[in-house]
Amino acid sequence: QVQLVESGGGSVLAGGSLKLSCAASGYICSPRRMNWYRQAPGKGRELVSSISSDGSTTYADSVKGRFTISQDSAKNTIHLQMNSLKTEDTAVYYCWAAVPDYRGYGSCQNSRILQYWGQGTQVTVSS
């Protein structure tokens, strides 16, 4: 089974920076897409940023110009560079991946897509 492990969270002052990482393991087919979500206390889970297998990226309006998503060449690790952090960025950040089910189909192209979640890493921004 694919596993996702987040790291890099912590506590910083407003205006500071953090870099989150998500390491994927246990896969045969490379993920089609990997996302960062976040969830603040009492709020729903929000899509922060996404990166596809072709390298294209998207960002939530609230983080555009401040956050950057990237992936390693092996596509098994993604990062979220967070600059100019605001108190509103305080949340648990989760990694998510969409991965072809090679075990069930014997193919990375013609197969169903399975979805996996990491356990999250806390980011706290104080003023």
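No experiment lies behind these values; they were computed from the predicted model shown.

Trainee: Sorry if this is basic, but what is going on with the layout of surface pockets here?
Mentor: In this structure, the largest pocket spans a volume of roughly 210 Å³. Residue lining of the largest pocket: 13 residues in total, with Val2, Gly26, Asp101, Arg103 and Tyr116 positioned closest to the centre. Those elements that place two or more of their residues in the lining of the largest pocket are strand S9 (91–100), helix H1 (102–105) and strand S10 (113–117). Taken together, the residues of the lining of the largest pocket break down into 9 nonpolar, 2 polar and 2 charged.

Trainee: Would you explain the packing of aromatic side chains in this entry?
Mentor: Describing an aromatic ring pair means giving the distance of the ring centres and the angle of the ring planes. The final tally for this structure, using the stated rule, is 3 aromatic pairs. Ring centres 6.4 Å apart and planes at 75° place the aromatic pair Tyr37 and Trp96 in the edge-to-face group. With Tyr37 in strand S4 (residues 33–39) and Trp96 in strand S9, this pair connects stretches of sequence that are 59 residues apart. The same class applies to Tyr37 and to Trp96, which are both buried. On the basis of an interplanar angle of 50° and a centroid distance of 4.9 Å, the ring pair of Tyr37 and Trp117 is categorised as tilted. A residue pair is termed long-range when its members are at least 10 positions apart, and Tyr37 in strand S4 and Trp117 in strand S10 qualify at 80 residues. According to the relative accessible area criterion, Tyr37 is buried, its value standing at 16%. A relative accessible area of 40% means that Trp117 is categorised as partly exposed. Ring pairing ties together the aromatic residues Tyr37, Tyr94, Trp96 and Trp117, which thus form one cluster. The ring of Tyr94 has Arg45 sitting right over it, with the charged end atom 3.8 Å from the ring centre. Lying over the aromatic face of Trp117, Arg45 brings its terminal NZ or CZ to 4.6 Å of the ring centre.

Trainee: Sorry, what's going on with empty space enclosed by the protein here?
Mentor: Over the atoms, a rolling probe the size of a water molecule traces out where space has been left empty. The tally for this structure, following the rule as stated, stands at 1 cavity of 30 Å³ or more. Considered as a void within the structure, the largest cavity measures approximately 40 Å³ in volume. Every residue lining the largest cavity is listed: Pro31, Arg32, Arg33, Met34, Ile51, Ser52, Ser53, Gln71 and Lys75. Among the elements of the structure, S4 and strand S5 (46–52) are those that each provide at least two residues to the lining of the largest cavity.

Conventions we followed
- Residues numbered from 1 in each chain as written.
- Predicted model: local features only at pLDDT ≥ 70, side-chain atom pairs only at ≥ 80, totals over all residues.
- Heavy atoms only, no water.
- 1 Å grid on protein atoms, 1.4 Å probe; cavity = no way out; pocket = protein on both sides within 12 Å on 5 of 7 lines; lining within 4 Å.
- Points joined across faces, edges and corners; volume = space filled by probe spheres on them.
- Helix = DSSP H or I, 4+ residues; strand = E, 2+ residues; numbered from the N terminus.
- Nonpolar A, V, L, I, M, F, W, Y, C, P; charged D, E, K, R; others polar.
- Phe/Tyr/Trp six-rings, centres within 6.5 Å; stacked < 30°, edge-to-face > 60°.
- Buried < 20%, exposed > 50% of the residue type's maximum accessible area, 1.4 Å probe, protein only.
- Lys NZ or Arg CZ within 6 Å of the ring centre and 35° of its normal.

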